[in-house]
Amino acid sequence: MKYIVAIIQPDRLDSVLDLLEKKEIHLVTVSNVMGRGRQKGIAAVYRSHKEVGSLLKKVKLEIVVNEEFVKPTVEAITEGARTGEIGDGKIFVLELKECLRIRTGETGSVAIG
Amino acid sequence: MKYIVAIIQPDRLDSVLDLLEKKEIHLVTVSNVMGRGRQKGIAAVYRSHKEVGSLLKKVKLEIVVNEEFVKPTVEAITEGARTGEIGDGKIFVLELKECLRIRTGETGSVAIG
Amino acid sequence: MKYIVAIIQPDRLDSVLDLLEKKEIHLVTVSNVMGRGRQKGIAAVYRSHKEVGSLLKKVKLEIVVNEEFVKPTVEAITEGARTGEIGDGKIFVLELKECLRIRTGETGSVAIG
Amino acid sequence: MMKKSIVGRAGLLCGLFGIMMMLAGNGYGQEAVAGAVAAAAAPASAVSAGDTAWVLMSSALVLLMTPGLAFFYGGLVRKKNVLSILMQCFMVICLITLQWVLFGYSLAFGPDVKGWIGNLSWACLKGVGAEPFTNYAATIPHSVFMIFQAMFAVITPALILGAFAERMKFSAFCAFILLWATLVYDPVAHWVWGLGGFLSRFDAAGNAVPGALDFAGGTVVHINAGIAALAAALVMGKRVGPTSPPHSLPFAVLGAGLLWFGWFGFNAGSALAANGLAANAFIATHVATAMAGLTWAICDWLWHKKATTLGMITGAVAGLVAITPACGFVSPMSAIWIGAGASIICFIAVTFIKAVFKYDDTLDAFGVHGVGGIWGALATGIWAEKSVGGFDGLLHGNPGQFLIQLKAVLVTMVYSFVVSFVLLKLVDKIIGLRVTEHEERVGLDLTQHKEAGYTTID
Amino acid sequence: MMKKSIVGRAGLLCGLFGIMMMLAGNGYGQEAVAGAVAAAAAPASAVSAGDTAWVLMSSALVLLMTPGLAFFYGGLVRKKNVLSILMQCFMVICLITLQWVLFGYSLAFGPDVKGWIGNLSWACLKGVGAEPFTNYAATIPHSVFMIFQAMFAVITPALILGAFAERMKFSAFCAFILLWATLVYDPVAHWVWGLGGFLSRFDAAGNAVPGALDFAGGTVVHINAGIAALAAALVMGKRVGPTSPPHSLPFAVLGAGLLWFGWFGFNAGSALAANGLAANAFIATHVATAMAGLTWAICDWLWHKKATTLGMITGAVAGLVAITPACGFVSPMSAIWIGAGASIICFIAVTFIKAVFKYDDTLDAFGVHGVGGIWGALATGIWAEKSVGGFDGLLHGNPGQFLIQLKAVLVTMVYSFVVSFVLLKLVDKIIGLRVTEHEERVGLDLTQHKEAGYTTID
Amino acid sequence: MMKKSIVGRAGLLCGLFGIMMMLAGNGYGQEAVAGAVAAAAAPASAVSAGDTAWVLMSSALVLLMTPGLAFFYGGLVRKKNVLSILMQCFMVICLITLQWVLFGYSLAFGPDVKGWIGNLSWACLKGVGAEPFTNYAATIPHSVFMIFQAMFAVITPALILGAFAERMKFSAFCAFILLWATLVYDPVAHWVWGLGGFLSRFDAAGNAVPGALDFAGGTVVHINAGIAALAAALVMGKRVGPTSPPHSLPFAVLGAGLLWFGWFGFNAGSALAANGLAANAFIATHVATAMAGLTWAICDWLWHKKATTLGMITGAVAGLVAITPACGFVSPMSAIWIGAGASIICFIAVTFIKAVFKYDDTLDAFGVHGVGGIWGALATGIWAEKSVGGFDGLLHGNPGQFLIQLKAVLVTMVYSFVVSFVLLKLVDKIIGLRVTEHEERVGLDLTQHKEAGYTTID
Ligand SMILES: Nc1ncnc2c1ncn2[C@@H]1O[C@H](COP(=O)(O)OP(=O)(O)O)[C@@H](O)[C@H]1O
Ligand SMILES: Nc1ncnc2c1ncn2[C@@H]1O[C@H](COP(=O)(O)OP(=O)(O)O)[C@@H](O)[C@H]1O
Ligand SMILES: Nc1ncnc2c1ncn2[C@@H]1O[C@H](COP(=O)(O)OP(=O)(O)O)[C@@H](O)[C@H]1O
């Protein structure tokens with residue numbers, strides 16, 4: 001079982017979700033984050049006061065999958081989120097020890113899907 | 001040391017926090033997330049334009065505990081969050097390498113509590 | 001590769017980011033969280049109704065680094081976030097299996113930076 | 001199947017409603033003719049552009065109060081219910097406006113039937129045109145008086161919704177509010193303000209008689225709505241789950257600001273002319289509100305160690321409520337005491353009484369409008385002085401007026417409570433008042449209106 | 001280099017503009033003198049404080065509509081574009097106010113040139129002072145009439161921006177709006193409202209002639225802006241990416257509340273006096289809006305199973321739009337039908353027509369203002385009655401008026417569409433209408449204004 | 001212990017305050033009688049409904065400006081401080097309203113004492129009733145003039161709070177604002193507007209004398225508040241930590257919209273009648289604001305490459321400030337220059353001067369109101385023309401008026417700075433001005449008011 005974290009551009013979210021759906025990866029958790037990366041933000045100006053604002057809006061996906069789904073998940077995210085421009089983001093894969101479905105109490109691989 | 005992540009229904013947050021408290025698990029980090037799962041969202045309608053809106057509001061808990069607390073934590077979450085209906089959410093358990101309390105610089109198990 | 005999670009006081013964010021920058025750790029993901037810890041919140045009052053409100057606003061940092069950067073990262077966070085008062089927060093270090101840069105498809109250590 | 005039965009129930013309600021209206025129509029037929037004749041006999045009178053400008057503007061101001069209330073209430077609920085509040089407020093504007101021009105105005109202000117109700121001779125605005133109806137307002141078109149009053153009829157039921165916020169079915173809400181406007185608001189407005197109403201200061205011919213003082217609606221609007229709110233809180237029961245802090249206090253403050261602004265139309269517009277009386281009402285309103293806002297802040301400071309924003313705006317609204325019946329009868333200096341009293345009494349109601357009796361008056365519609373309205377109506381009987389509005393109260397040697405006020409308050413309380421209670425039970429039987437627990441947890445915005453107030457990811 | 005060329009293009013536009021203005025100035029020189037003389041010959045007339053108070057207040061109300069519109073629109077776009085809407089609305093206020101006092105007012109209302117346009121003899125407010133210009137408004141200073149009209153000139157172009165929200169360059173927007181106001185709004189206003197305008201009810205000398213009825217701007221404002229919006233949606237093309245739900249419906253509701261409030265100034269203020277006609281306009285406006293809000297809610301309920309908040313406020317705006325040309329000519333009871341029709345027709349436009357033709361009218365500026373305006377203008381020709389505003393319509397035995405309405409509608413539609421289309425293409429050539437795809441993805445707030453509407457981390 | 005000492009300090013402040021008031025009362029006793037006699041001697045005069053409607057409405061508009069300002073300021077601070085701004089604004093309304101009716105009005109406008117202050121003979125509104133006080137306003141009740149002025153007294157101290165936003169103790173704020181209103185606002189209002197004030201255009205008997213032109217409060221309101229703001233920024237010192245972007249620019253835009261709307265009451269209402277002069281003030285206000293908004297946008301575009309929303313609304317407010325003293329004395333065409341100048345000068349102040357001197361005027365209360373007010377007061381002396389308001393300025397051959405303006409500006413600047421400085425130091429000694437660093441980091445909403453503006457998890 002793997003715990004996949006992906007940071008992507010906000011406006012790529014829809015296409016990533018679509019592609020994941022197509023690969024039968026339905027379950028996803030999404031949240032707002034701000035990211036500092038190589039991408040340079042647009043300096044905002046408030047009454048002539050410049051805000052360097054190195055943090056840009058990003059979207060974070062968390063997807064827990066069984067081993068066999070790691071590849072399709074990573075592919076779907078890559079395909080959906082890639083524009084080729086700086087700021088496209090990253091995918092991180094962590095090892096998951098245990099998983100439990102609250103509704104049924106099931107644990108392990110069956111609880112993931 | 002374990003890093004527990006739980007995704008629950010927003011309105012179950014209070015009861016989960018209460019139960020954790022009762023089991024002496026005081027330290028928790030909470031955030032807003034949106035989840036796509038088995039639960040079907042209610043299609044929103046904006047000027048006759050339907051938004052399928054597969055993402056539903058969820059709350060994410062992050063709790064770092066020593067091994068002996070894993071069970072009570074999972075139990076508290078399960079008890080507090082379970083309604084038996086689809087959408088109740090999941091608990092994920094990850095292995096934690098290191099923990100450090102910023103205030104004191106303590107590390108390891110003592111830094112968790 | 002390590003996946004570092006830090007929970008800090010919101011108003012320390014700027015100094016932590018500065019210090020990370022100085023140690024050449026540019027890449028960071030930031031998000032809003034609420035934390036329940038040892039720090040006691042100020043009880044809010046709404047029309048004489050008291051809200052105990054154990055959850056306080058915190059900021060969460062996620063930083064993925066190669067092994068050699070773990071120490072400087074932890075130091076930078078500690079230095080920037082420490083006030084010595086309760087509520088300063090925690091740093092958690094998780095093991096990272098894999099990392100992938102969406103833009104280029106690079107994986108592993110090179111994809112981190 | 002399910003849908004059919006809802007439609008069926010709605011039909012039943014409509015039917016009931018229709019029958020009542022027809023009965024009303026028939027029953028009052030005879031008097032209608034007499035009333036129309038009386039109206040025609042009223043001497044023609046010059047329209048004043050200044051007064052007309054003032055009352056038209058005041059009407060617009062009072063209209064703005066309902067969106068103001070929507071934000072005042074909407075800011076205080078949870079994020080997932082904000083639209084339900086806004087929607088209910090806008091629906092009240094739409095429904096009651098139509099009810100008012102079709103028959104409500106005639107019921108409330110039309111030619112009197114035995115002191116209880118107006119007849120239907122002014123239904124569909126028949127005869128309500130550019131000519132002044134002198135007995136109500138001599139210097140503005142009758143139609144201006146009608147539309148000014150329409151705005152009052154609109155906001156009154158909207159006030160009630162604070163009591164059952166976050167848990168009422170939208171369809172039930174619509175049905176209840178329409179019935180309530182017709183069977184509670186219109187009669188009570190007639191009793192107190194209609195020519196010949198049995199609590200009114202004028203007989204059917206427009207001659208002065210002893211009656212209750214209610215300059216801009218302490219009894220008709222605030223006690224009436226506040227008591228209905230209490231009935232609703234009791235009938236509906238408590239919300240599921242723990243209470244939550246206001247999702248956006250700035251919205252509540254915005255609402256309070258718009259209410260304060262609009263209330264100048266409500267109170268000073270009730271002079272129905274731009275003159276010294278309007279000025280007195282304007283000033284008394286402003287002073288009482290300021291004092292009440294300050295007083296609540298002080299109560300908060302004494303009781304909770306800090307002055308809260310929500311406390312201050314709640315106090316301000318309590319002050320606005322309390323001065324409403326009084327503003328054309330008391331001096332600005334008396335308004336200071338009325339404002340202070342309003343905040344102290346409402347603070348007690350909201351802080352202690354609510355805690356003891358444990359009804360879930362979500363947004364304190366009873367605690368502020370009911371309690372504040374009662375205080376204001378009685379206070380009018382205490383501080384009224386002849387030099388301001390022609391009547392003396394207790395402190396100026398006329399305890400009789402205080403007793404009349406007391407009577408009007410009690411009559412309104414009993415009538416409003418009983419009829420509101422019955423109507424709520426009736427609607428509960430036919431449509432069902434509450435959403436399911438699951439809908440309540442998910443929130444009314446999504447379940448009742450298929451919308452979310454805000455986006456989360458963007 | 002890059003910058004230079006933008007400056008160059010802007011210069012070119014300005015130049016074009018200047019030349020047009022000069023031509024206008026020259027061409028109309030002769031008539032200007034005649035006009036000025038006519039103006040001077042108008043009999044002096046007493047200013048009424050009441051009427052002046054009402055029209056000044058109405059002007060303030062109409063000004064407030066533009067911020068109201070900003071929030072109505074701004075709440076409906078994505079978070080990343082909210083400021084672009086607010087900014088465009090405020091820029092319209094600034095630009096068009098100046099355009100209006102410098103020459104726009106004179107073009108629209110100045111002495112007539114062959115029925116097509118006013119001349120420039122009132123440019124820079126020459127002769128527009130405290131004396132009434134009797135043929136427009138006999139009891140208020142001429143300057144009050146001018147500033148009241150200024151607010152109309154401001155809000156009309158602002159309506160259009162709903163069609164190209166979330167994708168237009170700010171510089172292009174400024175250029176387009178200034179050209180549009182001058183070459184579309186001012187002429188059409190002259191045709192319908194200017195003394196001697198070829199669709200107007202008065203000849204250049206102020207004598208009544210058969211003409212189109214447009215009490216407060218159904219044709220001049222709403223059809224005009226709505227058709228320009230359609231042209232813009234077609235020229236601009238679709239937004240990139242999937243649509244998004246409104247980022248803050250409460251803001252949209254706030255905007256709707258302010259619009260409703262301000263619209264009383266728009267419509268009842270158009271009586272240019274505080275009298276029975278203003279009252280009729282006020283009441284008809286309120287009634288039609290209430291009916292339209294209710295009707296859309298019912299349509300939503302029938303079609304989508306639930307009444308939506310956005311539906312209700314959209315309906316209310318459609319009702320406001322439709323009653324605008326009619327409110328001084330029809331009775332409040334007819335307003336009910338006009339309001340109901342407005343919502344049904346606009347609901348169809350937004351739900352089905354838009355889906356079929358697939359133009360991206362982001363915020364339904366055409367679907368509500370264009371379609372609602374057409375309905376309103378025609379409905380005026382149907383329900384007008386002599387006893388209200390001096391003219392009978394179809395239902396009162398005067399089909400001729402309906403035909404005149406139809407003609408005015410068609411002429412305005414054709415003119416507005418063609419000229420708007422050409423102007424958009426022109427601006428596209430010179431400045432470029434759309435932001436880059438990347439800018440569109442990042443959002444207009446950051447890319448066009450270097451600001452973010454809200455903070456995320458705090 | 002701690003608490004006792006706070007109470008003790010507050011008591012000390014109150015005591016000081018009381019003594020001052022009593023001295024004032026005694027010292028002015030004699031003149032009070034004379035003043036009252038003079039008032040009684042004023043010839044009875046007819047109230048005009050139109051004028052009364054206009055000034056009442058204007059009073060409501062000016063009241064709305066304070067919530068407008070609350071949102072303008074509140075949107076610009078961090079999320080954790082939004083309520084502190086809203087609360088301070090509402091507290092100013094409450095406190096100063098009471099101060100005004102109890103004694104403030106009498107100090108400012110009551111019978112003159114040696115040109116410096118009014119006496120206390122109108123305290124508690126004694127004699128301020130439905131009869132006009134002809135020397136101030138002949139066609140409206142005296143009480144209407146009083147309440148219109150009350151709204152000015154309210155908003156002026158509220159303007160100051162922009163300078164010390166995000167770091168002042170709420171208790172200290174209340175004390176300071178009450179002292180400031182009494183010891184700075186009331187005297188300066190008397191000097192410039194009170195009959196017999198030493199900078200005023202009228203002697204104590206109401207005869208015209210040479211004096212400063214300040215139609216609606218450039219000197220009394222904006223310079224006065226702006227300079228106090230500078231003093232406050234200097235005394236308070238800088239905020240802790242780095243600056244943050246505005247937490248909600250849409251709120252700031254909402255505030256700007258309400259301010260623009262309300263300012264029509266402020267400026268055109270200052271004509272105290274609905275006539276040509278009010279119309280001129282209305283138009284000049286609108287035009288100057290439009291020009292100023294546009295000008296700031298252009299400055300931003302030239303300096304920062306893009307026009308910003310915050311820049312445009314800041315410019316609009318600067319324009320409103322600058323035209324305030326001038327609007328009844330200059331033509332709408334001159335208003336264009338005044339508006340343009342306002343934005344350019346304030347842009348420089350905010351962009352460069354603030355950066356050089358490094359005071360932390362959080363929301364540019366000095367940079368916009370102080371600097372804009374000075375420009376406006378001087379510009380009045382430049383562009384005034386007899387045909388508008390009866391006085392010529394520099395450009396119309398009367399340099400003397402410019403010098404009088406300069407004198408009034410300087411006197412007000414010095415007085416306001418010195419007394420504000422002393423009061424701040426005094427309050428700092430007794431109560432302490434600043435919250436602790438920890439409280440500042442946590443935010444004023446939680447630490448000063450025990451509330452959060454918004455929920456985070458819901
Ligand atoms: N090592 C990292 N640790 C944490 N977050 C990261 C890391 N690398 C990238 N991110 C996140 O991914 C986002 C995109 O990264 P960026 O360097 O801008 O683009 P790219 O991945 O295309 O080089 C960043 O804004 C940040 O939120
Ligand atoms: N494999 C997963 N990866 C990421 N998030 C998940 C996963 N499974 C569940 N979730 C989160 O849990 C929420 C609830 O899951 P859902 O399938 O709707 O209910 P249940 O757990 O009762 O079957 C989802 O909305 C999603 O946020
Ligand atoms: N074991 C834990 N699991 C999850 N979150 C934690 C844990 N310990 C601390 N936190 C987070 O860190 C924040 C600060 O912790 P707190 O105990 O208040 O201060 P300190 O670290 O100075 O003792 C908490 O509000 C919480 O968000």
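Residues numbered from 1 in each chain as written. Chains lettered and ligands numbered in written order. Predicted model: local features only at pLDDT ≥ 70, side-chain atom pairs only at ≥ 80, totals over all residues. Heavy atoms only, no water.

K.L.:
When you look at the interface of chain E and chain B in this model, what are you seeing that I'm missing?
P.N.:
Size of an interface: often given as the accessible area lost when the parts come together. Each partner contributes residues to the interface: chain E has 17 residues there, and chain B has seven residues. The junction of chain E with chain B conceals about 970 Å² of combined surface from both sides, 57% of it contributed by carbon and sulfur atoms. At the boundary of chain E with chain B, the tally comes to one salt bridge. The shortest N-O distance in the salt bridge between aspartate 364 of chain E and arginine 47 of chain B comes to 3.1 Å. If you look at where chain E meets chain B, you find seven residue pairs in polar contact (both at pLDDT 80 or more). Among the elements that make up the side of chain E that touches chain B, the one with the highest residue count is helix α11 (residues 332–357) of chain E (three residues). Classifying every residue of the side of chain E that touches chain B by side-chain character gives nine nonpolar, six polar and two charged. (Contact = heavy atoms within 4.5 Å. Buried area = accessible area lost by both parts, 1.4 Å probe. Salt bridge = Lys/Arg side-chain N within 4 Å of Asp/Glu carboxyl O. Polar contact = N/O pair within 3.5 Å; in protein donor to acceptor, adjacent residues only side chain to side chain. Helix = DSSP H or I, 4+ residues; strand = E, 2+ residues; numbered from the N terminus. Nonpolar A, V, L, I, M, F, W, Y, C, P; charged D, E, K, R; others polar.)

K.L.:
Would you explain the pattern of salt bridges in this entry?
P.N.:
The final tally for this structure, using the stated rule, is 51 salt bridges over all chains. The salt bridge involving aspartate 11 of chain B is made with arginine 12 of chain B; its shortest N-O contact spans 3.9 Å. The partly exposed category is assigned to aspartate 11 of chain B, whose relative accessible area is 22%. Put simply, lysine 60 of chain C and glutamate 62 of chain B hold a salt bridge, and the shortest N to O gap is 2.5 Å. Within this pair, whereas lysine 60 of chain C is found in strand β5 (residues 56–65), its partner glutamate 62 of chain B is found in strand β5 (residues 56–65), the two belonging to separate chains. The class for lysine 60 of chain C is buried, based on a relative accessible area of 2%. For glutamate 62 of chain B, a relative accessible area of 6% translates into the label buried. Linked through salt bridges whose partners overlap, the residues forming this network are Lys2, Glu67 and Glu95 of chain A together with Lys97 of chain C. (Buried < 20%, exposed > 50% of the residue type's maximum accessible area, 1.4 Å probe, protein only.)

K.L.:
In this structure, what is going on with the confidence of the model for chain D? I would like to understand it.
P.N.:
Regions with low pLDDT should not have their predicted coordinates read in detail. Residues and elements named next belong to chain D. This prediction gives chain D a mean pLDDT of 92; 90% of its residues lie at or above 70. Scored below 50 in pLDDT, residues 18–44 shows 27 contacts in the model against residues more than four places distant or in partner chains. Across the assembled chains, the prediction reports ipTM 0.94 with pTM 0.94. (pLDDT = per-residue confidence, 0-100.)

K.L.:
For this particular structure, what's the right way to read helix α7 (residues 218–236) of chain E?
P.N.:
In an α-helix, one turn spans 3.6 residues; hence positions three or four apart end up facing the same way. Here α7 of chain E is 19 residues long and its end C-alpha atoms lie 25 Å apart, about the 27 Å a rise of 1.5 Å per residue gives. Counted residue by residue, α7 of chain E has 18 buried out of 19 residues, so it is predominantly covered. (Expected span 1.5 Å × (residues − 1).)

K.L.:
Just to check I follow, could you spell out the packing of helix α10 (residues 309–323) of chain D against helix α11 (residues 332–357) of chain D for this structure?
P.N.:
Each pair of packed helices can be described by the angle between their axes along with the distance between the axes. All names here are of chain D. Where α10 meets α11, the closest approach of the two axes is 8 Å, and the angle between their N-to-C directions is 125°. Regarding the angle of α10 to α11, the classification is oblique. Crossing of α10 over α11 shows right-handed handedness. Seen from α10, the contacting residues are Gly315, Ala318, Gly319, Ala322 and Ile323; seen from α11, they are Ala335, Ile338, Ala342, Ser343 and Cys346. (Axes fitted to C-alpha atoms, helices over the stretch in contact; angles between N-to-C directions. Parallel < 35°, antiparallel > 145°, perpendicular 65-115°, else oblique. Left-handed = near helix turned anticlockwise from the far one by under 90°.)

K.L.:
Whenever I open this one, the relation of the copies chain D and chain E confuses me. Can you help?
P.N.:
Two copies of one chain are present, and they are related through a rotation about an axis combined with an axial shift. Rotating chain D by 120° and moving it 0.0 Å along the rotation axis overlays it on chain E with an RMSD of 0.0 Å. Given the turn and translation reported, the copies of this chain are related as if by a three-fold rotation axis. Closest approach to the rotation axis among the C-alpha atoms of chain D is made by glycine 50 of chain D, whose C-alpha sits 2.1 Å away. (Least-squares fit on C-alpha atoms with pLDDT ≥ 70 in both.)

K.L.:
Help me out: how do you make sense of the site of ligand 1 in this one?
P.N.:
The environment of ligand 1 is formed by 22 residues, the closest being Arg38 and Lys90 of chain A together with Thr29, Val64 and Arg103 of chain C. The environment around ligand 1 is built from residues contributed by chains A and C. Between an oxygen atom of ligand 1 and a main-chain N or O atom of aspartate 88 of chain A, the distance comes to 3.1 Å. Here a nitrogen atom of ligand 1 and a side-chain polar atom of lysine 90 of chain A are 2.7 Å apart. Contact with the protein chains covers 99% of the free accessible surface of ligand 1, which is 550 Å². Broken down by secondary-structure element, the contributors of at least two residues to the shell around ligand 1 are β2 (28–36) and β6 (90–95) of chain A together with β2 (28–36) and β5 of chain C. (Near = heavy atom within 4 Å. Areas by Shrake-Rupley, 256 points an atom, 1.4 Å probe, with all protein chains shown as cover.)

K.L.:
Quick question: what am I supposed to make of unusual backbone geometry here?
P.N.:
It is generally the case that most residues other than glycine have a negative phi and that most peptide bonds are trans. One non-glycine residue, aspartate 364 of chain D, lies in the positive phi region at around 60°. Locating aspartate 364 of chain D in the fold gives a position in the loop between α11 and α12 (365–383). For glutamate 166 of chain E, which is not a glycine, the phi torsion comes out positive at approximately 75°. Relative to the helices and strands, glutamate 166 of chain E is located in the loop between α5 (142–160) and α6 (170–193).

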